[in-house]
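As a plain string of letters, each chain reads:
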Amino acid sequence: MQRSPSSSPSAVVHDGAQVDAGAVLGDYVVVYAGAELAAGSAVAGFTQVWSGVRLEAGARLAAGVTLEQPDDASGHTVFGSQSKVGAGATICAGVKVGLGAVVEAGTVVNHDVPPYAIVSGSPARITGYVEHLAQAERAHWHRQADFPAVQATVPLGVGGVTLHRFKAVKDPRGDLSVGEFVREIPFEPKRYFLVYNVPTEKTRGEHAHHKCHQFLICVKGSCAVVVDDNESRCEVLLESPDQGIYLPPLTWGIQYKYSHDAVLLVFTSDYYEAADYIRDYDQFSAVVGAKPKQGA
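Cut-offs used in this document
Going along each chain's sequence as written, the residues are numbered from 1 onward. Where local features are concerned, this predicted model is filtered to residues with pLDDT of at least 70; where side-chain atom pairs are given and counted, the filter is 80 or more; whole-chain, interface and lining totals use all residues. Working from all heavy atoms in the structure, the side-chain values ignore hydrogens and water. In DSSP terms, a helix is any run of H or I states spanning at least four residues, a strand is any run of E spanning at least two, and both are numbered starting from the N terminus. Throughout, exposure labels follow a simple rule: accessible area from a 1.4 Å probe, protein chains only, divided by the maximum for the residue type, with under 20% read as buried, over 50% as exposed, and the rest as partly exposed. Contacts are assigned to residue pairs with any non-hydrogen atoms lying within 4.5 Å of each other. All accessible-area figures derive from a Shrake-Rupley calculation using a 1.4 Å probe, and residue coverage is judged against the displayed protein chains alone. Positive residues here are Lys and Arg, negative ones are Asp and Glu, while His and the chain termini are left out of the count. Taken as the charge centre is NZ of Lys, CZ of Arg, CG of Asp or CD of Glu, depending on the residue. Here is the rule: rings of Phe, Tyr and Trp (six-membered ring for Trp) pair when centre to centre is within 6.5 Å. Planes less than 30 degrees apart are stacked, more than 60 are edge-to-face, and the remainder are tilted.

K.L.:
Got a minute to help me understand the overall build of the protein chain in this structure?
P.N.:
When helices and strands are tallied, the protein chain shows 1 helix and 32 strands. Summarising its shape, the C-alpha atoms of the protein chain cover approximately 75 × 45 × 35 Å along the three principal directions. Across the 296 residues in the protein chain, those meeting the buried criterion constitute 45%. Taking the contacts inside the protein chain whose residues are at least 6 apart along the sequence as the reference set, 45% of them involve residues at least 24 apart. Total accessible area computed for the protein chain in this model is approximately 14,400 Å², and 51% of it derives from carbon and sulfur atoms. The positive charge centre, built from 24 side chains, and the negative charge centre, built from 32, are 5 Å apart in the protein chain.

K.L.:
Explain the environment of Ile91 here, please?
P.N.:
In this structure, Ile91 sits in strand 13 (residues 90-91). Residue classification places Ile91 among the buried residues on the basis of a relative accessible area of 0%. Linking Ile91 and Val103, residues 12 residues apart in sequence, is a C-alpha distance of 9.5 Å. Every residue in contact with Ile91, bar those within four places of it in the chain, is listed here: Val65, Thr66, Leu67, Glu68, Thr77, Phe79, Val85, Val103 and Val109.

K.L.:
Whenever I open this one, the packing of aromatic side chains confuses me. Can you help?
P.N.:
What characterises a pair of aromatic rings is the spacing of the ring centres plus the angle enclosed by the ring planes. The final tally for this structure, using the stated rule, is 12 aromatic pairs. Geometrically, the ring pair formed by Tyr116 and Tyr281 is edge-to-face, given 5.8 Å between the ring centres and 80° between the ring planes. Of the two residues, Tyr116 sits in the loop between strand 16 (108-109) and strand 17 (117-120) while Tyr281 sits in helix 1 (residues 281-290), which places them 165 residues apart along the sequence. Overall, the relative accessible area of 5% leaves Tyr116 in the buried class. Residues Trp252 and Phe284 carry aromatic rings whose centres are separated by 5.5 Å and whose planes lie at 45° to one another, so their mutual orientation is tilted. Placement of the pair is Trp252 in strand 30 (residues 252-256) and Phe284 in helix 1, with a sequence separation of 32 residues. For the pair shown, Trp252 and Phe284 are each scored as buried. Each member of the aromatic cluster is reached from another via a ring pair, and the members are Tyr116, Trp252, Tyr281 and Phe284.

Geometric descriptors of this kind do not, in isolation, establish any biological role.
Here it is as structure tokens:
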């Protein structure tokens, strides 16, 4: 198999490895049979790429990355397209580093990394999300937004997502906030659930729905919500009971940065149905991409 002219002469590729001619290998990289490196991928140096490890197009490993050797129990270790892993990071066997994700230098990754997430620490925890995609002409792929200061409903600019500031009444006997279905929240709820006691390094959500509408209120504490329509992405902080965010169907939603006392209340338009969930971001992109645009 043809090697990239920019690969180091000290790199070793064993028979049975699938290394694209456009992949770049640094000093003393060893690629074993059963490993797969796609076009534009790169391993900077001093890394053993075991059987069962796959680097998708544009994935890049900095120098000195340690990869645990996958086995039948752990499954493949996958680095999604355009993902980046910093120097000296350790990646446990069977982990999937999602599309466009960033693993900071020295991080120990022992669980899957969501698409476009930035992780650091030992063990890895999500510290943010990628703000810009070099391969896409998007001025604000990921941005921060604030809730309106007064009672109002405003579009967020990500699909049909809206931010809601509800009526709040301060009283010495206790404060009150109120919202009305369907006048302010655009569906009749059939179910609710509460998320609480979430360790702050954990991420919830990471899915979309085909048909179900959702409305989120952090009734105690705070948490960050990231919404994504496959064209743009935005993050908001729910930190008051008079703040809410509406997620229509086919909106990818993530919740993270939970405070220790956070209680997240979620209303849904439908009863639980497993088939309504889209839990893989690539599948979400395919579904949204196949959906005709309004006015098209």
